[in-house]
Amino acid sequence: MKITHYQKLRGEITVPGDKSISHRSIMLGSLAKGTTEVTGFLQGADCLSSISCFEKMGITIENNVKTGTVRIHGKGLHGLTKPSDILDVGNSGTTTRLMSGILAAQPFTATIDGDASIRKRPMGRIITPLSMMGARFESLAADQCAPFKITGGRLKGIAYTSPVASAQVKSAILLAGLYADGETSITEPFLSRNHTELMLKAFGTDVRSNGTTATVRPASELTAQQISVPGDISSAAYFIAAGLITPNSEITIKNVGINPTRDGILTVCKAMGANIQISNIKDGIGEPAGDITVSTSELHGCTIEGDIIPKLIDEIPIIAVMAAYAKGTTIIKDAQELKVKESNRIDVMVKNLSAMGADIEGTEDGMIIHGGRPLHGAVIDSKLDHRIAMSFTIAGGNSDGETEITGSECVNISYPAFYNDINLLMR
């Protein structure tokens, strides 16, 4: 994909459904009694991997790709059957970790595998607590990465203190806790996104939160639901950034999820001096959504650290791009989790922004970006990381010359229509 300079970006768009909520709707819908209907489902490769895995375990799932409506014919908490094939999660860390929590309690052995990126991502963070609960894991790569086998067992409730603030780790433990003998809780260093807790409650489970601790009691049954998935704020973030840094621009992104455990990008934008407004706020299954309107702004640097990091971890690549165009210095700390995403996002952002002329240095847990230097086109290696490809699309559109992004098709993981939506705003 080759990108040239944007003159302006103006108009309204609707971004795909929230990836986190879409994944969870498949999993809890499969475990519920009855038919769960999901509208606004994200038709990205990661979420399709979740559908494929649960179909392999005997769940009938009707997916209308054109309308984004999915019907999941759940068989109850104990209705999954042993898959006859490997559960291929593709590039999806969410599928891998959350599904592992469910598999930890099943009366069969299953093997999980994925692409080259998944085979490098750390799974010890779920293997440890799920093993404590009674599941058995065998890493076929001998490094606690995929591929690995899970043999379910009779689980016992635990009170687990996680060394990382990770919604995927928390969710794996809470999902296993549905089957455990007694109460299960997890305490995080900071509060991570709470989509699992909200959806578990909607499906009728006894789940509660107190500070950074989430607790679930074993369930007898889940009840099928109607779920409306709002737009994914992680996908909206690229257009938020584009509207702020592109001259003569104003963009409205309709019906975006603004869950308070996910809205760190909005807090940072305001701290950087962004012209940003939220309207038409509504709520559905505890997941608030609204229309976000942004316009060209004179941004300035800020410091991003501490408990806000879990609320914007996936948005840090595009925040780094905004920081390169802002006046002054932006410091990002406490974000070492970036090293174990689809790529090492600290290294990749530093290398590629430097190639475009930015003044940026990597640190052990983040980046320091001295903004305001004009950027120029470059050849960008996306490392097949969708968030890197989309971030540098926006950077390239605000740079001199031509930017070429290799592996740009990886945006299909979360946002298949991304390039089409950019073109709509350029008209």
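Residues numbered from 1 in each chain as written. Predicted model: local features only at pLDDT ≥ 70, side-chain atom pairs only at ≥ 80, totals over all residues. Heavy atoms only, no water.

Some details on the overall build of the chain
At step 1: For the chain, the helix and strand inventory stands at 12 helices and 24 strands.
At step 2: In terms of overall dimensions, the chain has a C-alpha envelope of 60 × 40 × 40 Å along the principal axes.
At step 3: Buried positions account for 60% of the 427 residues belonging to the chain.
At step 4: A separation threshold of at least 6 residues defines the contact pool for the chain, and within that pool the share at least 24 residues apart is 75%.
At step 5: Of the roughly 15500 Å² that the chain leaves accessible, carbon and sulfur atoms contribute 48%.
At step 6: The averaged location of the 44 negative side-chain charges in the chain is 3 Å from the averaged location of its 40 positive side-chain charges. (Helix = DSSP H or I, 4+ residues; strand = E, 2+ residues; numbered from the N terminus. Buried < 20%, exposed > 50% of the residue type's maximum accessible area, 1.4 Å probe, protein only. Contact = heavy atoms within 4.5 Å. Areas by Shrake-Rupley, 256 points an atom, 1.4 Å probe, with all protein chains shown as cover. Lys, Arg positive; Asp, Glu negative; His and termini not counted. Charge placed at Lys NZ, Arg CZ, Asp CG, Glu CD.)

Brief notes about unusual backbone geometry
At step 1: Here the residue pair A146 and P147 is connected by a cis peptide bond, since its omega of 0° sits within 30 degrees of zero.
At step 2: Within the secondary structure, P147 sits in the loop between β8 (136-139) and β9 (148-151).
At step 3: For N255, which is not a glycine, the phi torsion comes out positive at approximately 50°.
At step 4: Within the secondary structure layout, N255 lies in strand β16 (residues 250-257).
At step 5: Since its relative accessible area comes to 24%, N255 is described here as partly exposed.

A closer look at the pairing of strand β17 (residues 275-284)
At step 1: The buried fraction of β17 amounts to 1 of the 10 residues, a small share that puts the element mostly on the outside.
At step 2: Summarising the sheet, β17 and strand β18 (residues 287-295) pair through 8 bridges and their orientation is antiparallel. Paired with N275 across the bridge in β18 is S295.
At step 3: Counting the residues in the hairpin turn of β17 and β18 gives 2 residues, including I285, whose phi is positive at 50°. (Pairing = 2+ DSSP bridges.)

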